[in-house]
Amino acid sequence: MTTNPNNGFVSGLEGVVAAQTRLSHVDGQRGELILAGYALEEVAPTLSFEAMVHLLWHDRLPTSVEVIHLHSELARWRALPPALLDLLQSAARTNRPAMDALRMAAGAIDLDLPASALDDGTLGHVLLARIPTVVAAYWRLQQGAAPIAPDPALGHAANYLYMLTGSVPNAARVRGLETYLNTVIDHGLNASTFTARVIIATHSDLVSAITGAIGALKGPLHGGAPGPALDMVFAIGEAARAEAYLRAKLEAGERLMGFGHRIYKVRDPRAEVLAAAARDLYAADGDMALYTLAGAVEETAVRLLAEFKPGRNLQTNVEFYTALLLHGLALPTDLFAPTFAVGRVAGWIGHAWEQIATGRLIRPASQYIGARGRSYEHADADRSHALS
Ligand code: COA
């Protein structure tokens, strides 16, 4: 932590507690992630995404009637207004990255709704329901294909895959995606969640808060780059080449993608859950050889990181198995970050509601490090501010 004991400045706010939440707790020393009181390992691989959202938003597991109710609410709002599809079409013409298109569309997501309909509860459903539709529609437009209308009979995860491909996914794929979305749904006061809280704390609106959060997630230091982790596994190609490939990278001073974490000093618990989900998916519906290769790459990388960076405790992070799982779901790497947003938006909304309930503006202080005591009267005449 970079602190200045004289005035309390903490660079990057590291270690500063800036919110109270009942949504999730990250323990980096013990490698634990708690979601609304439950261990990640217990709920992420078992609950439907709708049930997980209900747990986060209402602090208790839903009844089956409540799951059906949430499903219907989301299905009701999924379709995008034509003007929003036009906007995505314009973005596709210039081939903007998917996260740019998502940021643009998020700000206009309530375009067709009268202001009177926009209470915070409704907006939460609209945002959660429409973000996957935006991502899928934009992806198809970029491929020169027509967007596929949402199917109200399908659950949230199944419908997302359906809108991307036009085929109803099998149960193994739906389970794989639900486990992924549940795993990334919330993670303490990360940068995008903090952004959402800062915006909503000014009594701005939920659409603004989520649009800002998407902007924060878009940055490569946050939304991460599971793509490069996957590229590395493909470049290695066979387990026997892992040691030489990874050793050469470390000798060249490069970082191994998918390893190391600011908070976790043991294996990221999300990596554990996603590895198991990827194994199940590949066993049911994929290339088991790729899964086995990834395991060999992981084992070699962790061993070499301990050798090259002793005492740093560099372990597998969430990105490594995210890449493998999403690849197994046939998602291209361009969709990895937007699919992260499809899950995380539920956490952002939950945090925004918590923040509204506190009624407290977030307004930290800054440390002035500029000059003092300058005299305007004695300023150099040549530098006069007057326009000539
Ligand atoms: N490969 C090789 N070395 C690594 C490493 C990695 N993945 N992650 C950290 N290190 C090394 C650093 O080079 C540094 O070594 P040094 O002290 O000899 O200079 C040391 O470990 C500490 O690194 P630091 O940058 O202070 O750690 P951090 O907590 O700030 O970094 C990450 C966290 C995630 C940015 C970092 O681990 C990283 O870049 N990982 C790879 C990218 C990645 O997977 N990102 C997704 C994160 S979810």
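Residues numbered from 1 in each chain as written. Predicted model: local features only at pLDDT ≥ 70, side-chain atom pairs only at ≥ 80, totals over all residues. Heavy atoms only, no water.

This paragraph deals with the pattern of salt bridges. Per the counting criterion, the structure on display carries 20 salt bridges. Ionic pairing is found between Glu-73 and Arg-76, a salt bridge with its closest N-O pair at 2.9 Å. Here the residue Glu-73 and the residue Arg-76 both occupy positions in helix α3 (residues 64–77), the gap between them amounting to three residues, near one helical turn. One salt bridge in this structure joins Glu-178 and Arg-175, with 3.8 Å as the shortest N-O distance. On the criterion of helical spacing, the pair formed by Glu-178 and Arg-175 is a turn pair, its members being three residues apart in helix α8 (residues 171–183). Salt bridges sharing partners connect three or more residues here, namely Glu-243, Arg-247, Glu-299, Arg-303 and Glu-307. (Salt bridge = Lys/Arg side-chain N within 4 Å of Asp/Glu carboxyl O. Helix = DSSP H or I, 4+ residues; strand = E, 2+ residues; numbered from the N terminus.)

A word on the site of the ligand. The environment of the ligand is made up of 16 residues, and the closest members are Leu-256, Gly-258, Phe-259, Lys-309 and Arg-312. Taking Leu-256, its main chain carries an N or O atom lying 2.7 Å from a nitrogen atom of the ligand. Here an oxygen atom of the ligand sits 2.8 Å away from a polar atom, N or O, in the side chain of Lys-309. Residue composition of the shell around the ligand, by class: six nonpolar, four polar and six charged. (Near = heavy atom within 4 Å. Polar contact = N/O pair within 3.5 Å; in protein donor to acceptor, adjacent residues only side chain to side chain. Nonpolar A, V, L, I, M, F, W, Y, C, P; charged D, E, K, R; others polar.)

Here strand β4 (residues 32–35) shows a clear split, with Leu-33 and Leu-35 buried on one side and none of Glu-32 and Ile-34 buried on the other. Here four bridges tie strand β3 (residues 24–27) to β4, and the two strands are oriented antiparallel to one another. Bridging from a neighbouring strand, His-25 pairs with Ile-34 of β4. Hairpin geometry of β3 and β4 is characterised by an intervening segment of four residues between the two adjacent antiparallel strands and by a positive phi of about 70° at Gly-31. Note: β4 against strand β5 (residues 38–39), two bridges, orientation antiparallel. Directly across from Leu-35, in β5, lies its bridge partner Tyr-38. (Buried < 20%, exposed > 50% of the residue type's maximum accessible area, 1.4 Å probe, protein only. Pairing = 2+ DSSP bridges.)

Taken together, the buried positions of helix α12 (residues 242–251) are Ala-242, Leu-246, Lys-249 and Leu-250. Around the axis of α12, the buried residues are gathered within 95° of arc, so they sit on the same side. Among the exposed residues of α12, those oriented more than 90 degrees off its buried face are Ala-244 and Glu-251. In the segment just after α12, Gly-253 is the residue with positive phi, at about 80°. (Arc of directions from axis to C-beta.)

Attention shifts here to the domain arrangement of the chain. For the chain, the domain assignment lists domain 1 (40–223 + 334–358) and domain 2 (226–328). The centre of domain 1, based on its C-alpha atoms, is set 28 Å off from the matching centre of domain 2. Listed by partner, the interface residues are 16 residues for domain 1 and 20 residues for domain 2. Approximately 1400 Å² of surface area, both sides summed, lies buried where domain 1 meets domain 2, with 75% of it carried by carbon and sulfur atoms. A per-residue breakdown of the area domain 1 buries against domain 2 is headed by Tyr-180, His-187 and Phe-336, which together make up 40% of the total. There are one salt bridge connecting domain 1 and domain 2. (Domains from an automatic or database assignment. Contact = heavy atoms within 4.5 Å. Buried area = accessible area lost by both parts, 1.4 Å probe.)

The subject of this paragraph is the packing of helix α6 (residues 120–142) against helix α7 (residues 156–165). Each pair of packed helices can be described by the angle between their axes along with the distance between the axes. The interhelical angle for the contact between α6 and α7, taken along N-to-C directions, is 20°, at an axis separation of 8 Å. As summarised for this structure, α6 and α7 are arranged roughly parallel, according to the angle between their axes. α7 is crossed by α6, and the crossing has right-handed handedness. Facing Leu-128, Ala-129, Pro-132, Thr-133, Val-135, Ala-136, Trp-139 and Arg-140 of α6, the residues of α7 in contact are His-156, Tyr-160, Met-163, Leu-164 and Thr-165. By residue class, the composition of the contact of α6 with α7 is nine nonpolar, three polar and one charged. (Axes fitted to C-alpha atoms, helices over the stretch in contact; angles between N-to-C directions. Parallel < 35°, antiparallel > 145°, perpendicular 65-115°, else oblique. Left-handed = near helix turned anticlockwise from the far one by under 90°.)

Bringing the environment of Leu-102 into the picture now. Examined against the element boundaries, Leu-102 turns out to sit in helix α5 (residues 98–107). Placed 112 residues apart in sequence, Leu-102 and Ile-214 show a C-alpha to C-alpha distance of 7.7 Å. Those residues in contact with Leu-102, other than ones at most four positions away along the chain, are Ile-131, Val-134, Val-135, Ile-214, Pro-338 and Ala-341.

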